[in-house]
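Chain and residue survey
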Amino acid sequence: MAQAADPPAEPEPEPKQEAATPAPAPAPVATPGPTNDLVDKPVEQAKFKWEPFGYLRMQYIAVQNDPNVEFVGRDDGFELQNARVGVRGDLQGVARFTISIDGAVDERAQNDPQGKLRVGLRDAYVDFWMGGDLAIRGGYFQTWVDPNALVADTSREFVDKPIETRGMRSTEGWYTQGLPPGRSLGAAVRMEPEEANKVGLEVAVQNGADEFASNNDNDKPAVSAAVMFKLASEGFIVAAARWNPRTVGDLPFRQDETDIQGSLGAQVNAGAISLGAGGIVQRTTFESTGGPVQNAFGAHAQLMFKLPGRPLAVGYRFGILDPSSLIVTDRVIEHTAGAVAGVPQWRMRVQLQLTHVMEQAARELSNSRIQLAAEVSL
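Procedures and definitions
- Residues numbered from 1 in each chain as written.
- Predicted model: local features only at pLDDT ≥ 70, side-chain atom pairs only at ≥ 80, totals over all residues.
- Heavy atoms only, no water.
- Helix = DSSP H or I, 4+ residues; strand = E, 2+ residues; numbered from the N terminus.
- pLDDT = per-residue confidence, 0-100.
- Contact = heavy atoms within 4.5 Å.
- Patch = residues over 30% accessible without salt bridge, like charges linked within 9 Å, V, L, I, M, F, W, Y side chains within 5 Å.
- Areas by Shrake-Rupley, 256 points an atom, 1.4 Å probe, with all protein chains shown as cover.
- Salt bridge = Lys/Arg side-chain N within 4 Å of Asp/Glu carboxyl O.
- Buried < 20%, exposed > 50% of the residue type's maximum accessible area, 1.4 Å probe, protein only.
- Polar contact = N/O pair within 3.5 Å; in protein donor to acceptor, adjacent residues only side chain to side chain.
- Core = buried A, V, L, I, M, F, W, Y, C linked by side-chain atoms within 4.5 Å.
- Pairing = 2+ DSSP bridges.
- Phe/Tyr/Trp six-rings, centres within 6.5 Å; stacked < 30°, edge-to-face > 60°.

1. Details of unusual backbone geometry
Residue P252 is reached from L251 by a cis peptide bond, and omega for that bond is 5°. One non-glycine residue, N197, lies in the positive phi region at around 65°. Summarising the element assignment, N197 is placed in the loop between β6 (183–191) and β7 (198–206). In this model, S233 sits at a positive phi of 55°, which is unusual for a non-glycine residue. On the secondary structure map, S233 appears in the loop between β8 (222–230) and β9 (236–248).

2. What about the confidence of the model for the protein chain?
The predicted model of the protein chain has a mean per-residue pLDDT of 88, with 88% of residues at 70 or higher. Across residues 13–21, where pLDDT falls below 50, the model places 0 contacts with residues more than four positions away in sequence or in other chains.

3. Things to note about a nonpolar patch on the surface
A contiguous nonpolar surface patch, about 720 Å² in accessible area, is contributed by M58, Y60, F78, V350, L352, L354, I370 and L372. With respect to the secondary-structure elements, L354 resides in strand β15 (residues 348–359).

4. Examining the pattern of salt bridges
Under the counting rule described, the total for this entry stands at 27 salt bridges. Salt-bridge contacts for R96 lead to E194; the nearest nitrogen and oxygen are separated by 3.7 Å. With a gap of 98 residues between them, R96 in strand β3 (residues 95–107) and E194 in the loop between β6 and β7 connect regions that are remote in the sequence. What makes R96 partly exposed here is its relative accessible area of 37%. In this structure, D106 and R169 form a salt bridge, with 3.2 Å as the shortest nitrogen-oxygen distance. Taken together, the residues D106 in strand β3 and R169 in the loop between α1 (163–166) and β6 connect sequence positions 63 residues apart. Among the charged side chains, a salt-bridge network with shared partners connects E79, D106, D160, R166, R169, E172, R317, E334 and R369.

5. Notes on the environment of R74
As for its placement among the helices and strands, R74 is situated in the loop between β1 (48–63) and β2 (77–91). For the pair R74 and P113, spaced 39 residues apart in the sequence, the C-alpha separation amounts to 9.5 Å. From its side chain, R74 meets the backbone oxygen of D66 in a polar contact 2.9 Å long.

6. What to know about the nonpolar core
In terms of nonpolar packing, the biggest core is built from 15 residues, with W144, I163, M168, L179, M228, V238 and V332 touching the most fellow members. Secondary-structure elements contributing two or more residues to this core are β8 and β9. Once residues within four sequence positions are removed from consideration, W144 is found in contact with L150, R190, M191, E192, G200, L201, E202, A226, M228, V238, A240 and S263.

7. Details of the pairing of β6
Where strand β5 (residues 134–142) and β6 come together, 9 bridges link them in antiparallel fashion. Bridge assignment links Y140 to a residue of β6, and that residue is L185. The pairing of β6 with β7 spans 6 bridges and is antiparallel. Looking at β7, one finds that V189 is bridged to V203. Linking β6 back to β7 in an antiparallel pair, the connection comprises 6 residues, with N197 at a positive phi of about 65°.

8. Comments concerning the packing of aromatic side chains
This model, assessed by the stated rule, comprises 1 aromatic pair. Ring geometry for Y60 versus F78: centroids 5.0 Å apart, planes at 80°, classification edge-to-face. Of this pair, Y60 sits in strand β1 while F78 sits in strand β2, and the two are 18 residues apart along the sequence.

9. Some points on the environment of D160
Residue position: D160 is located in the loop between β5 and α1. The sequence separation of D160 and Q353 amounts to 193 residues, and the corresponding C-alpha distance is 8.8 Å. Here D160 is in contact with Q81, R166, R317, Q353, R369 and Q371, once residues within four sequence places are set aside. Of note is the side chain of D160, whose polar atom sits 3.0 Å from the side chain of R317. At a separation of 3.0 Å, a polar atom in the side chain of D160 contacts the side chain of Q353.

10. Comments concerning the side chain of T258
Here T258 shows up in strand β10 (residues 255–270). Within the local environment of T258, its side chain forms a polar contact with the side chain of E287, the two groups lying 2.7 Å apart. Beyond its immediate stretch of four places on either side in the chain, T258 contacts W243, N244, P245, R283, T284, T285 and E287.

So this is what it looks like as C-alpha cells:
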C-alpha cells in the first residue's frame, strides 16, 4: 500500500514588525561661555550699553584796553571754549566708564599772552560698583575738592567759571592761577547718591602733579576727602579737604612744596530762583627753601532768576581771589551780570556776560570785559 503523504506544513507567521521610532535629535552643542575661575561654572553675561555725548562752546570776548599795560585787552575776538566729544558705557551691575577728549585746550605758558589750541584728554575713568551707591573709581578724573566740578559745563549759568576756579589769564589782567587742583591720575572710593536728600562720600588718592602730567612729580601722592549732601533738582552741598606734597621746577632747581586745601560749595535750585556759592582756601609751605608760609583764598556767590514762561534767566555773580598773602596788592574782585537763553529745538544755549574787574590800587587796571557765547549739545 502506498503510504499517505504528510500534510503540508503550515507556513510560519511572519514576525510582527514594530513601528519605527524616530531617532532622537542630537543635543545642541553648548557654546562655552565665561567661567568663574574659582568654581569653574558658567557666569551670566552682563549687558553692555554705551552712548556718545559732546558739546561745542564758542564765545566772542572783548576786553577793555589798559593804557599802561601793553598785553591787557588787545586780543579781542572769537575763542573756542569747548569742543568736547566722549562716550559713556555701562556694563550692567558691574562697571561704568567715561572717556572724553576736548579739542579746545588752551596751550600756553603760565604768563604768556599767546596760546594755541590742542586736543587734550579730559576724562578717562572706570567706576566698579560694589553694591548700592558705593563704587571704586580708577583713572584720570576730577575730585569734589572743586565744588564747581559738580556743575556740568552745559548747566553753567555764566559764560566762564568763577574766578577762584579759572584764575586770571594774562590777556585779561595780571596772570593768576586758579586754586582747585583740576584733574589727575589716581583712584578713589566714592559713594555718589542717585536720589535727593542722601549723603555722598569721596576719598581719593591721586598723583597731585600738573593736570597734563603723565606721571607723579615725586614719591608722595595727593590725598583728598569730601562729603556731599545731594539736594533736589541737581542741587548739592559739599565740603572737602586735600593734602598735596608736590615738587615744582626743572632740574637742577627742583623744590618741594606742600599744599593744604579746604573747600565748601553749594547749589540750590528752587523754582525760578537758583543760588550758587563756593570757596576754597589754601596754605602752602616751602620745605626746600624754608620760605614763609603762603595763604590764598577765593570765593564766589551768585543769584539767577528765571523769567516766568520763557527759557531766559538773568543774574549776578560776585567773585574774589587773593592768590598770595605774601603779596599785599594782588587781590582781584569781579562783579558780573549775565543772562542765559535756551533754544531747545536746536539743543542750544546763548549767554551774555558783562564783568567789571577791580584790582587793588597799586595794581589797578582798566580791563572790564564783555562776553557773548553760544553752546550746542551734540
